[in-house]
Amino acid sequence: MADSRNNPSTEPVLRAVASTLSRHVKHAGSLVVGYSGGMDSTVLLDAVHFLGGSSGYPVAARHVHHGLSAHADAWEESCVRFCRNLGVPLDVVRIHIPGSSMEGQEGAARRLRHGALADHPAEWILLAHHADDQAETLLHNLLRGSGLRGAAAMPESNGRLLRPLLTLPRSDLRAYAHARHLSWIEDESNADHRYTRNFLRGRVMPIVAARFPKVSHQLAAAARRFGEAESLLDQLAMVDLGERPPHFPVPVQLFRDLPEPRARNMLRALLGWQRVQPPDERRLTEFVRQLRTARNDRKPRITLGGYTLRCESGLLHFETVA
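Residues numbered from 1 in each chain as written. Predicted model: local features only at pLDDT ≥ 70, side-chain atom pairs only at ≥ 80, totals over all residues. Heavy atoms only, no water.

(A) View of the packing of helix H1 (residues 11-24) against helix H7 (residues 170-179). At their nearest, the axes of H1 and H7 sit 8 Å apart, and the two run at 110 degrees to each other. In terms of axis orientation, H1 runs roughly perpendicular to H7. Here Pro12, Val13 and Leu14 of H1 come into contact with H7, specifically with Asp172, Leu173 and Tyr176. Looking at the contact of H1 with H7, its residues break down into 5 nonpolar, no polar and 1 charged. (Axes fitted to C-alpha atoms, helices over the stretch in contact; angles between N-to-C directions. Helix = DSSP H or I, 4+ residues; strand = E, 2+ residues; numbered from the N terminus. Parallel < 35°, antiparallel > 145°, perpendicular 65-115°, else oblique. Contact = heavy atoms within 4.5 Å. Nonpolar A, V, L, I, M, F, W, Y, C, P; charged D, E, K, R; others polar.)

(B) Spatial organisation of the state of the cysteines. As enumerated under the stated definition, the model contains 0 disulfides in all. A disulfide-free cysteine, Cys79 has its sulfur positioned 6.5 Å from the sulfur of Cys83, the nearest such atom. (Disulfide = S-S within 2.5 Å.)

(C) Molecular detail of helix H3 (residues 72-86). Spanning 15 residues, H3 covers 21 Å between terminal C-alpha atoms, matching the ideal 21 Å at 1.5 Å per step. Downstream of H3 by a residue or two, Gly87 has a phi angle that is positive, lying close to 80 degrees. (Expected span 1.5 Å × (residues − 1).)

(D) Fine view of the pattern of salt bridges. Across all of its chains, the model carries 17 salt bridges by this definition. A salt bridge links Arg23 to Glu156; the shortest N-O distance between them is 2.8 Å. Of this pair, Arg23 sits in helix H1 while Glu156 sits in the loop between helix H6 (147-151) and strand E5 (157-158); the two residues are 133 residues apart in sequence, bridging distant segments of the chain. For Arg23, a relative accessible area of 42% puts it in the partly exposed group. Judged by relative accessible area, which is 23%, Glu156 ranks as partly exposed. Between Arg94 and Asp73 there is a salt bridge, with its nearest N and O atoms 3.7 Å apart. Note that Arg94 is positioned in strand E3 (residues 90-94) and Asp73 in helix H3, a separation of 21 residues in sequence. Given a relative accessible area of 42%, Asp73 falls into the partly exposed group. (Salt bridge = Lys/Arg side-chain N within 4 Å of Asp/Glu carboxyl O. Buried < 20%, exposed > 50% of the residue type's maximum accessible area, 1.4 Å probe, protein only.)

In structure tokens:
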């Protein structure tokens, strides 16, 4: 392991992880890696363990068992073995994915997985998203009509959550994995193109990359610029909220007093601060129109995957749903 820093194949990953830790983690804060057992999270855990060991950061891992695959128990056993060999504490959280969720199985699994990781007591949660994931997320969000906030895709940091590999292409992670002789599991569902992200990864991105070889890098860079614009819009939303706290419930009259574009922006910001996905632009525009024009005896309401917005007594309320 001592030679890892000087290996050209491992240096990009180690440099990216070290940079993120140095910028965000202070005073040897505790770290937990979201560990699926796949290549990406295996690379991240291996690199964080090495750098954490040399820097004094306590490192742990958490595996979320979805139970969606017939191989889920075998994946858990593989994660246990890898962490045991690495000397990293691992805990396993089992979650149930409701088959009738309005957000779909893919969206529900993602939300519950993030919730399970957020419950870990570590100061920092590390995820293995990389530049190719960022590009796919950007395309996915644009195609579903989510606007600028969706175009910002995934930030490097969000509260306790860090994504140290976000600027690196998948090829850098694969080079690291081979150089370190790592083994990992392959989720057979990744080849199922019925899932939107898999379709983008397996069908769309290769075609685009044949014409634009740097597509992942360029889209990830665009997402960072969109993120800067999103930050400015969040600041505008805070101005429009005035002295009110940035959370629900919010007076409906506030949406009526603002120009419609700023009313929409404020609702997007409020939902973003709740860490939920806003509705697509068509539904959001229609809901804000109802907020601004409905008579006082009417109660506009919208239910999406994981939450409901409803009006009651002149206030807009936010409620999570199962």
